[in-house]
Amino acid sequence: MTAKASALREQGVDIVTLSQGEPDFDTPESVQQAGIAAILDGKTRYTPVAGVKPLREAIREKLSRDNGLDYDIDQITVGCGAKQIVFNGLFATLDAGDEVIVPTPCWVSYPDMVRLAGGQPVLVACHERSGFKLKPEHLETAITPRTKWLMLNSPNNPTGAVYSKADLAALAEVLRRHSHVHVLSDDIYEKLVYDVPFATMAEAAPDLIDRVLTVNGVSKSSAMTGWRLGYGAGPKDLIKAMNTIEGQTSSHTSSISQYAAIEAIAGNQDHIVDFVSAFRKRRDLVVEQINQAEGLKCRVPDGAFYVFVSCVGVIGKVTGKGKVIENDLDFAMHLLEEFGVAVVPGSGFMASPYIRISYAASEDELKRACGRILAACTALSESEKTYEQSEATA
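All of these numbers come straight from a predicted model, not from anything done at the bench.

## Some thoughts on unusual backbone geometry
Thought 1: Residue Pro 105 is reached from Thr 104 by a cis peptide bond, and omega for that bond is 5°.
Thought 2: Topologically, Pro 105 is positioned in the loop between strand E3 (99–104) and helix H5 (109–116).
Thought 3: Here Ser 352 and Pro 353 are connected by a cis peptide whose omega angle stands at -5°.
Thought 4: In this structure, Pro 353 sits in the loop between strand E13 (344–345) and strand E14 (354–358).
Thought 5: Although it is not a glycine, Ser 251 sits at a positive phi angle of roughly 70°.
Thought 6: Within the secondary structure, Ser 251 is located in the loop between helix H9 (236–247) and helix H10 (255–266).

## Overview of the pattern of salt bridges
Thought 1: A complete count under the given rule lists 28 salt bridges for this structure.
Thought 2: In this structure, the salt-bridge partner of Asp 167 is Lys 133, at a minimum N-O distance of 2.8 Å. Note that Asp 167 is positioned in helix H7 (residues 165–175) and Lys 133 in the loop between strand E4 (120–125) and helix H6 (136–142), a separation of 34 residues in sequence.
Thought 3: Residue Arg 283 is joined to Asp 284 by a salt bridge in which the shortest nitrogen-to-oxygen separation is 3.0 Å.
Thought 4: Put simply, Lys 62, Arg 65, Asp 66, Glu 190 and Lys 191 are held in one network by salt bridges that share partners.

## A word on helix H2 (residues 29–40)
Thought 1: Taking 1.5 Å per residue, 12 residues should reach 16 Å; H2 reaches 16 Å between its end C-alpha atoms and fits that length.
Thought 2: All of the buried residues in H2 are Val 31, Ala 34, Gly 35 and Ala 38. Projected down its long axis, H2 shows its buried positions confined to an angular sector of 95°, all on one face. Away from its buried face by more than 90 degrees, H2 exposes Glu 29 and Leu 40.
Thought 3: Count one or two residues on from H2 and you reach Gly 42, which has phi positive near 75°.

## Overview of the state of the cysteines
Thought 1: Tallied over the entire structure, the rule returns zero disulfides.
Thought 2: Of all cysteine sulfurs, the one in Cys 106 lies closest to Cys 126, which takes part in no disulfide; the gap is 9.5 Å.

Parameters at a glance
Residues numbered from 1 in each chain as written. Predicted model: local features only at pLDDT ≥ 70, side-chain atom pairs only at ≥ 80, totals over all residues. Heavy atoms only, no water. Helix = DSSP H or I, 4+ residues; strand = E, 2+ residues; numbered from the N terminus. Salt bridge = Lys/Arg side-chain N within 4 Å of Asp/Glu carboxyl O. Expected span 1.5 Å × (residues − 1). Buried < 20%, exposed > 50% of the residue type's maximum accessible area, 1.4 Å probe, protein only. Arc of directions from axis to C-beta. Disulfide = S-S within 2.5 Å.

Written as structure tokens, this is what we have:
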């Protein structure tokens, strides 16, 4: 959707893009300067595959300080973004036919990563009425003798749902009965929480720490998406295997990014307060506006920078061009092609009919986009089929 929006923009079409999953802030100046210093100091050569020692020490201290987790330095590895850490963890452990439980809605890459690693994704729907979070009874039902991993992403992309410590403890009770199941905890949005405290599985269930791969990075918390640096912490044997894989693929992430990340992780964190304050204000603006749109409704997300909007109320309606909105993709295309707003259809996140709106954009852009979305909904008319259904219901 972002690519199509870019193509339309190149043709001179006025497009407001709310489809991208990255902060719109600049990388903090202190982090920029750390990267520049690394270049000027000649730190531009190969590094250890797992990452330079000062960075891994900074990560070790961060995990202890923020999450109460105690890892040795050889239990920590650095990769080209959290995405590579997730993939390496799956690739290092999955045999053909192994199953990975993926609660949905989920990040679009999870199922394909599992398949690329030879596994089988087991999608478990997490409904809006449950806060888009996996319930213990549904986890229990999904586990089989072939289950290798449970994927958890909190705060969640695309819903913004955040698992509380109590939520994780309830899931841990199930996992204790199934010692063959490991947890991949994708915490990349950790710092972007608003109304609930952050918790991670290894913290909520310390006895399971040897079965958990904790994944994080600097992309979201320090606006460093293009620097491509993520990290993972877990059992030594797993980290060793992941390092072997990385050594034969990317070798290591950029040396410059690594030295900049030391500042992002161990340096002043005041920018995060500013990020969260700005995102909270934007979130409230978008939620208030979208819930005024005919046929749309959304929850107030507790984390990340997305609003996951139900568009069930526009399904079956007709656009000004005479096209019936049959699904969330149709609605997303209606917004893009007729009203110049780019969003992502929920089907990409294994959840329909929803759309994901990123509020990682300026307030002016968000106000413009929301005005267009409200107009797009108002412009829709009832089809004969929708009218007949409403009459029957009445």
